[in-house]
Amino acid sequence: VQLVESGGGLVQPGGSLRLSCAASGFTFSSYDMSWYRQAPGKERDSVARILSGGGRTNYTDSVKGRFTISRDNAKSTAYLQMNSLKPEDTAVYYCAAIWGTNIYWGQGTQVTVSS
């Protein structure tokens, strides 16, 4: 099982980034996919989640209207489009694949929002 995040980097406030999470080794289409983030000295928190069917999504309040989670089951890849980024969005972003009590994690990608 492998989840590989990419797309992180340094961006100015108000900018955009698109994170990708390429999955392998399990039946991607059967798993809900989530993005979490962890800022220095803070707990890892859920940012967004998309159900296995791809139709339903939910977001933490602080990113609603700015972030969009999506998935491409044919490519076994999940995405997080992040717009209007703020300094407080700075964190390591992790993708997670969830099915019942099973959860797989990626290694994380750093997102830094700074001028």
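In this text, all values refer to a predicted model and were calculated from it rather than measured experimentally. Along each chain, numbering runs from 1 in the same order as the chain's sequence is written. Whole-chain, interface and lining totals are the exception, using all residues; otherwise, since this is a predicted model, local features are given only for residues with pLDDT of at least 70 and side-chain atom pairs are given and counted only at 80 or more. Excluded from the side-chain calculations are hydrogens and water; all other atoms, namely the structure's heavy atoms, are used.

Moving on, we get to the sheet that holds strand β3 (residues 17-24). Pairs of strands are assigned from DSSP output, requiring at least two bridges between the strands. Secondary structure elements follow DSSP: runs of H or I of four or more residues count as helices, runs of E of two or more count as strands, with numbering from the N terminus. If you walk across this open sheet you meet the four strands as β1-β3-β8-β7, and the pairing is antiparallel. Each end of this open sheet is capped by a strand with a single partner; those strands are β1 (2-6) and β7 (67-72). Between one strand and the next, the sheet's axes are offset by a mean angle of 15 degrees, whatever the strand orientation. Here an angle of 0 to 180 degrees is reported between the N-to-C directions of two axes, which are lines fitted to C-alpha atoms, with helices fitted over the stretch in contact.

Our focus in this paragraph is the pattern of salt bridges. Any carboxyl oxygen of Asp or Glu that lies within 4 Å of a side-chain nitrogen of Lys or Arg is treated as forming a salt bridge with it. In total, this model carries four salt bridges according to the counting rule given. Note that Asp32 and Arg49 form a salt bridge whose closest N and O atoms lie 2.9 Å from each other. With Asp32 in strand β4 (residues 32-38) and Arg49 in strand β5 (residues 45-50), the pair connects residues that are 17 residues apart, well separated along the chain. Residue classification places Arg49 among the partly exposed positions, given a relative accessible area of 25%. Linking Asp61 and Lys64 is a salt bridge whose minimum nitrogen-to-oxygen distance equals 3.0 Å. Remark: exposure states derive from per-residue accessible area (1.4 Å probe, protein chains only) relative to the maximum for the residue type, with buried under 20%, exposed over 50%, and partly exposed in between. What makes Asp61 exposed here is its relative accessible area of 63%. In this structure, a network of salt bridges that share partners links the residues Arg37, Arg66 and Asp89.

What follows concerns the packing of aromatic side chains. Between rings of Phe, Tyr and Trp, where Trp is taken as its six-membered ring, a pair exists when centres lie within 6.5 Å; planes separated by under 30 degrees are stacked, by over 60 edge-to-face, and by other angles tilted. Inspection of every chain in the model, using the stated rule, returns seven aromatic pairs. Ring geometry for Phe26 and Phe28: centres 6.5 Å apart, planes at 45 degrees, overall tilted. Here Phe26 matches Phe28 in class, with each residue buried. Joined through ring pairs, the aromatic side chains of Phe26, Phe28, Tyr31, Trp99 and Tyr104 make up one cluster. Note on criteria: charge over ring means Lys NZ or Arg CZ within 6 Å of the ring centre, with the direction from the centre no more than 35 degrees off the ring normal. Seen from the ring of Trp105, Arg44 lies directly overhead, with NZ or CZ sitting 4.6 Å from the centre.

The next thing to look at is the nonpolar core. Here, nonpolar core means buried Ala, Val, Leu, Ile, Met, Phe, Trp, Tyr and Cys residues that are tied together by side-chain atoms lying within 4.5 Å of each other. Core analysis: the biggest nonpolar cluster contains 28 residues, and Leu3, Met33, Trp35, Phe67, Leu80, Met82 and Tyr93 have the highest contact counts within it. Of all the secondary structure elements, the ones that give two or more residues to this core are β3, β4, β5, β7, β8 (77-82), β9 (91-99) and β11 (109-113). Note on contacts: a residue pair qualifies if any of its non-hydrogen atoms lie within 4.5 Å across the two residues. Discounting chain neighbours no more than four positions away, the residues touching Met33 are Leu3, Cys21, Phe28, Ala48, Arg49, Ile50, Ile69, Arg71, Ala78, Ala96 and Ala97.

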